[in-house]
Amino acid sequence: MASFRLSHAKYALIPALLMGAGSAQAQTVNLIGTVVNLCVLTISTPGSLAISSNGLQLSTTNGGLPASLTVVATGSNPTISFSSPSLVGPSSGGATTEVAYSSTGGASHAYDSSGYVYAMNRLLDTVTINGRASNSSGFRSGVYTISATATCSQ
Amino acid sequence: MKADLLTAAFAILAMTTPAGAVGLGPLSDEGVIDGPRKAFSLTLYNPYEESMAFRAYAVGIDNDDETPQLRVTILPPENRLGSRQSRRLLIIANDLQPGETYRFRLCAERVNPPTGVVINARVCSKLTARRLG
């Protein structure tokens, strides 16, 4: 019985202590973090080429697959510079190589053999990259690669 | 020739090799010093799910200037980072002349970009070192 009364007394004290502490020792809690301007480029889909039925064009659209480049930036909007595309393979000589870029964030560049600079207006975006190579003499058997360098900078 | 073309259709690439990716920051930095050397600190990040080797190198400041910058020391120039790991790089611009402003880009990419991938990803930071006159 004595124990029961003591417990009640303890519980009655708790709200009073909390109120007293709150009014006399107000504290500001600061959670501080720094966002550094950083850029992460990820080729989320590598992309693949397939040859057209007439054998004159390698493309990501003739049964191939476009590449996807995901850009994650913090701090400030970056610029993505794509170099001119090049074709490597047994019949690369004499071929015309072109790449096209598009994204929901605003990248838009039709098939072209020159480079492309995409000034992002957001921090996150995914760029879809299509490529094609044309050769009026056709393509010998082998592995072909259309390559370009994507550089994230400010 | 037709047989070659058909063979090509099958030989040509299901490019399923690991993708290219890299993270680097900050994307720009600048500093003033009263001596011939100025150091910067950058953070290299591995966004892969696996351990990966990266290299860092200095080139000219313009976006199309790939001239190697021999005045720049990078410590370390190559790194193997675990999955989702980052590490600091020490970048030192050397031989600064009194009153000189030296600008360059510090770029990072995979040591061995995968073959067959259409896009080789790299990130470049623009750095400016100025020595007091």
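Refer to the structure printed above.
Residues numbered from 1 in each chain as written. Chains lettered and ligands numbered in written order. Predicted model: local features only at pLDDT ≥ 70, side-chain atom pairs only at ≥ 80, totals over all residues. Heavy atoms only, no water.

## Description of the overall build of chain A
So, point 1. From N to C terminus, chain A includes 1 helix and 11 strands.
So, point 2. Tracing chain A from N to C terminus, the helices and strands come up as α-β-β-β-β-β-β-β-β-β-β-β.
So, point 3. Pairs at least 24 apart in sequence give 70% of the contacts found in chain A among residues at least 6 apart.
So, point 4. For chain A, the accessible area works out to roughly 8200 Å², and carbon and sulfur atoms hold 58% of it. (Helix = DSSP H or I, 4+ residues; strand = E, 2+ residues; numbered from the N terminus. Contact = heavy atoms within 4.5 Å. Areas by Shrake-Rupley, 256 points an atom, 1.4 Å probe, with all protein chains shown as cover.)

## Topic: the state of the cysteines
Working definition of a disulfide: a covalent bond connecting the sulfur atoms of two cysteines.
All names here are of chain B.
So, point 1. For the structure on display, the rule yields 2 disulfides over all chains.
So, point 2. Note that Cys107 is cross-linked by a disulfide to Cys124, the S-S spacing being 2.0 Å. The sign of the S-S torsion, about 105 degrees, decides the handedness of the disulfide formed by Cys107 and Cys124: right-handed. Placement of Cys107 in strand β8 (residues 101–110) and of Cys124 in strand β9 (residues 119–131) is noted, with a sequence separation of 17 residues between them.
So, point 3. Relative accessible area serves as the criterion here: at 0%, Cys124 is assigned to the buried category. (Disulfide = S-S within 2.5 Å. Buried < 20%, exposed > 50% of the residue type's maximum accessible area, 1.4 Å probe, protein only.)

## Side note on the nonpolar core
As a rule of thumb, soluble globular proteins bury nonpolar side chains together.
So, point 1. Membership of the largest hydrophobic core comes to 57 residues, with the highest contact counts inside it found for A:Leu41, A:Leu69, A:Ile80, A:Phe82, A:Ile129, B:Ile91 and B:Leu106.
So, point 2. Considering every element that reaches this core, the biggest residue donor is β9(B), with 5 residues.
So, point 3. The contacts of A:Leu69, once residues within four sequence positions are left out, are A:Leu41, A:Thr42, A:Ile43, A:Ser44, A:Ile80, A:Phe82, A:Asp125, A:Thr126, A:Val127, A:Ile129 and A:Ala150. (Core = buried A, V, L, I, M, F, W, Y, C linked by side-chain atoms within 4.5 Å.)

## Structural notes on the pattern of salt bridges
So, point 1. Considering all chains together, one arrives at 6 salt bridges over all chains under this definition.
So, point 2. Note that A:Glu98 is salt-bridged to A:Arg132, the shortest N-O span being 2.8 Å. Separated by 34 residues along the polypeptide, A:Glu98 in strand β7 (residues 96–103) and A:Arg132 in strand β10 (residues 124–134) bring together distant segments of the chain.
So, point 3. Residue classification places A:Glu98 among the buried residues on the basis of a relative accessible area of 18%.
So, point 4. The salt bridge partner of B:Arg55 is B:Glu109, with a shortest N-O separation of 2.7 Å. (Salt bridge = Lys/Arg side-chain N within 4 Å of Asp/Glu carboxyl O.)

## Remarks on the packing of aromatic side chains
All names here are of chain A.
So, point 1. All told, the structure shown has 7 aromatic pairs over all chains when counted by the stated rule.
So, point 2. For the ring pair Tyr116 and Tyr118, a centre distance of 6.4 Å and an interplane angle of 10 degrees mean the geometry is stacked.
So, point 3. Among the residues examined, Tyr118 registers a relative accessible area of 3% and is labelled buried.
So, point 4. Through a chain of ring-to-ring contacts, three or more aromatic side chains come together here, namely Phe82, Tyr101, Tyr116 and Tyr118. (Phe/Tyr/Trp six-rings, centres within 6.5 Å; stacked < 30°, edge-to-face > 60°.)

## Re the environment of B:Cys107
All names here are of chain B.
So, point 1. Among the residues examined, Cys107 registers a relative accessible area of 0% and is labelled buried.
So, point 2. When the C-alpha positions of Cys107 and Val59 are compared, they lie 7.5 Å apart, and in sequence the two are 48 residues distant.
So, point 3. The residues contacting Cys107, other than those within four sequence positions of it, are Arg55, Ala56, Tyr57, Val59, Arg122, Val123 and Cys124.

## With respect to the layout of surface pockets
So, point 1. Estimated volume of the largest pocket: approximately 160 Å³.
So, point 2. What lines the largest pocket is a set of 14 residues, among which A:Ser81, A:Phe82, A:Ser83, A:Thr151 and B:Asn63 lie closest to the centre.
So, point 3. Of all the elements in the fold, those that place two or more residues in the lining of the largest pocket are β5 (79–82), β9 (116–119) and β11 (145–153) of chain A.
So, point 4. No other element matches β11(A), which puts 3 residues into the lining of the largest pocket. (1 Å grid on protein atoms, 1.4 Å probe; cavity = no way out; pocket = protein on both sides within 12 Å on 5 of 7 lines; lining within 4 Å. Points joined across faces, edges and corners; volume = space filled by probe spheres on them.)

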